[in-house]
Amino acid sequence: MLSYYSSLSAEVYDLDKPIGKSFGDVEFYKERLAGNEGRILEPATGTGRLLVPLLEDGLHIDGFDSSPEMLDICRAHCKERGLHPKLFEADMETFRIDVEYDAIILPAGTFQLLAGREQAIKALKNFRKHLAPGGRLLVDLYVPQGFEVDRPRTRTWQTKAGEVITLESKTVEVDWIKQYSVSHNRYEKWQGGKLIQTELERFPMRWYGVEEFKLLLGSQGFEDIIVSSNYEYGQYPKNAQHAVTFEAIAHI
């Protein structure tokens, strides 16, 4: 069985997307959440790339992830900075917490990790259940670009300890009708020319059309949906390479 966001994957994520690294989203989410005095939730918070800057901005934000390895790194980053958010292990479709949030945020396409349509609908229902009346859901999505099936790509990172981590990623399946892809990722850690750790990961990803996702949100009790592109609030997408952000209000 292939792993999913295990130790090497989480280490690479932290090296590649360190705390505060922005694709335009850190500034955008700070602006959209400015003045929010209630609690905010970030599902799939990862190693804290966005969570930590929001906490440092004075927002009350909790986070969860399905990967304990990602959460361990996130907790270490928070501890280093004297931050003490509520962090817990859970899945988007099934998490339960006795809190009504003012906002739930899913930056950087994390919602698309739910490869099954039924999973996505369950997650949206669950988000709605955990939002206070009038609370906001903010979700970033991406349109797929240039699939090359069975053509591997390799990237390399160096750790602080001087080790080298390589990642070979290969798309093995694309279903244009059901709108998902599957990649296989091979992580290898090398020290002094010797392989000391390896990890295989199955990485699914689903995509949506803009109007399709608006309809999906509406069907799950969200309204007043605003679509933004390239982190410019209210700008309808014109470039398929830009992130698309949906902001919706939980129906009262």
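Our subject in this report is the structure included herewith. In this text the structure is predicted, and so the values were computed from the model without any measurement.

Tracing the backbone through its elements, the reader meets Ser 228 in strand β10 (residues 222-229). Under the relative-accessibility criterion, Ser 228 is labelled buried at 2%. Separated by 2.8 Å, the side chain of Ser 228 and the backbone nitrogen of Gly 234 make a polar contact. With near-sequence residues (within four places) excluded, Ser 228 lies in contact with Phe 28, Tyr 233, Gly 234, Gln 235, Ala 243, Val 244 and Thr 245.

Once that is clear, we can look at the environment of Tyr 5. Position of Tyr 5 relative to the elements: it lies in the segment before α1 (7-16). Separated by 197 residues in sequence, Tyr 5 and Arg 202 have C-alpha atoms that sit 9.2 Å apart. Setting aside residues up to four positions removed in sequence, Tyr 5 forms contacts with Tyr 13, Ser 67, Glu 69, Met 70, Leu 113, Glu 201 and Phe 203.

Bringing the sheet that holds strand β11 (residues 244-250) into the picture now. What the 7 strands build is an open sheet, ordered β3-β2-β1-β4-β5-β11-β10; its pairing is mixed. Unpaired on one side and paired on the other, β3 (87-89) and β10 mark the two borders of the sheet. Sheet twist, expressed as the mean angle between neighbouring strand axes with direction ignored, is 20°. Here strand β1 (residues 39-42) runs beside strand β4 (residues 101-106); their pairing, made up of 2 bridges, is parallel. Bridge pairing in β4 places Ile 40 opposite Ala 103. On the sheet, helix α4 (residues 68-80) packs against β2 (60-65) and β3 and is oriented at approximately 170° with respect to β3. With respect to the sheet, helix α5 (residues 117-129) is in contact with β4, β5 (131-141), β10 and β11, its orientation differing from that of β5 by roughly 140°.

Procedures and definitions
- Residues numbered from 1 in each chain as written.
- Predicted model: local features only at pLDDT ≥ 70, side-chain atom pairs only at ≥ 80, totals over all residues.
- Heavy atoms only, no water.
- Helix = DSSP H or I, 4+ residues; strand = E, 2+ residues; numbered from the N terminus.
- Buried < 20%, exposed > 50% of the residue type's maximum accessible area, 1.4 Å probe, protein only.
- Polar contact = N/O pair within 3.5 Å; in protein donor to acceptor, adjacent residues only side chain to side chain.
- Contact = heavy atoms within 4.5 Å.
- Pairing = 2+ DSSP bridges.
- Axes fitted to C-alpha atoms, helices over the stretch in contact; angles between N-to-C directions.

So yeah, pure geometry; function would need other evidence.
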